[in-house]
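# A structural walkthrough
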Amino acid sequence: MAFIMLLFMLGMYKNKIANGAIVVASVVLFAGSLWLARSQQTVGDVSYMKAMIPHHSIALMTSERAHIKNPLVRKLADQTIEAQVGEIAEMKTLIFDLERNPPAPDAHDLRAPVGHPAPTDATH
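As annotated in an unreviewed UniProt entry, the protein carries the name DUF305 domain-containing protein and is attributed to Pseudorhizobium tarimense.

Structural data, given as structure tokens:
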């Protein structure tokens, strides 16, 4: 954001060293933020679940409030509600347990399998 603002207001700021420093700092901050978001380096067990609870809550709200007319879609939405309520409860229990008994600091990451199959397109 600072980089973009500086480009639009470049004529207002005559100090080329300060402008260069702002550009460099903006690029470094953006690259670091992008790396953190893509690598998920700061996301552990508890922080993962604390971030997933609002995500699941949005699925609940959408499934409950959507203006669904097709009975098969309603059934899917109801199944989504049931699954999300159960998963939120499970995450809250795990958070409670993990905050009291965290994994050992030297425990290895348990990675998800690579190469998840792409969803099929039912419109063909």
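## Some thoughts on the overall build of the protein
Secondary structure assignment for the protein yields four helices and zero strands. If you list the helices and strands of the protein from N to C, you get α-α-α-α. Evaluated residue by residue, the protein yields a buried proportion of 13% over its 124 residues. Summed over its atoms, the accessible surface of the protein is roughly 10600 Å², and 66% of this surface lies on carbon and sulfur atoms.

## Quick word on the packing of helix 3 (residues 45-65) against helix 4 (residues 71-100)
Viewed as axis vectors pointing N to C, helix 3 and helix 4 meet at an angle of 155°, and their least axial separation amounts to 9 Å. What the angle tells us is that helix 3 and helix 4 run roughly antiparallel. In the packing of helix 3 onto helix 4, the handedness of the crossing is left-handed. Here the contact of helix 3 with helix 4 is built from residues that sort into 14 nonpolar, five polar and seven charged.

## What to know about helix 2 (residues 16-39)
Its 24 residues give helix 2 an end-to-end C-alpha distance of 34 Å, which sits within 8% of 34 Å, the value for a rise of 1.5 Å per residue. A distance of 3.0 Å separates the backbone nitrogen of Ile17 from a side-chain oxygen at the start of helix 2, and that oxygen is part of Asn15.

## Let's talk about the pattern of salt bridges
Applying the stated criterion across every chain, the model contains three salt bridges. One salt bridge in this structure joins Arg74 and Asp78, with 3.0 Å as the shortest N-O distance. Of this pair, Arg74 and Asp78 both sit in helix 4, separated by four residues, roughly a single helical turn. By relative accessible area, which is 26% here, Arg74 ends up partly exposed. Residue Asp78 is classed as partly exposed on the basis of its relative accessible area, which comes to 38%. Among the ionic pairs, Arg111 bridges to Asp109, the shortest N-O distance being 3.2 Å. Asp109 shares its class with Arg111; the two are exposed.

## As for helix 4
Taking 1.5 Å per residue as the helical rise, helix 4 with its 30 residues ought to reach 44 Å, and the 44 Å between its terminal C-alpha atoms agrees with that figure. Turning to helix 4, its buried residues number three or more, namely Ala77, Ile81, Gln84, Ile88, Met91, Ile95 and Leu98. For helix 4, the elements touching its buried residues are helix 3. Two or three places before Leu72, at the opening of helix 4, Asn70 has a side-chain oxygen 2.7 Å from that residue's backbone nitrogen.

The rules behind each value
Residues numbered from 1 in each chain as written. Predicted model: local features only at pLDDT ≥ 70, side-chain atom pairs only at ≥ 80, totals over all residues. Heavy atoms only, no water. Helix = DSSP H or I, 4+ residues; strand = E, 2+ residues; numbered from the N terminus. Buried < 20%, exposed > 50% of the residue type's maximum accessible area, 1.4 Å probe, protein only. Areas by Shrake-Rupley, 256 points an atom, 1.4 Å probe, with all protein chains shown as cover. Axes fitted to C-alpha atoms, helices over the stretch in contact; angles between N-to-C directions. Parallel < 35°, antiparallel > 145°, perpendicular 65-115°, else oblique. Left-handed = near helix turned anticlockwise from the far one by under 90°. Nonpolar A, V, L, I, M, F, W, Y, C, P; charged D, E, K, R; others polar. Expected span 1.5 Å × (residues − 1). Polar contact = N/O pair within 3.5 Å; in protein donor to acceptor, adjacent residues only side chain to side chain. Salt bridge = Lys/Arg side-chain N within 4 Å of Asp/Glu carboxyl O. Contact = heavy atoms within 4.5 Å.

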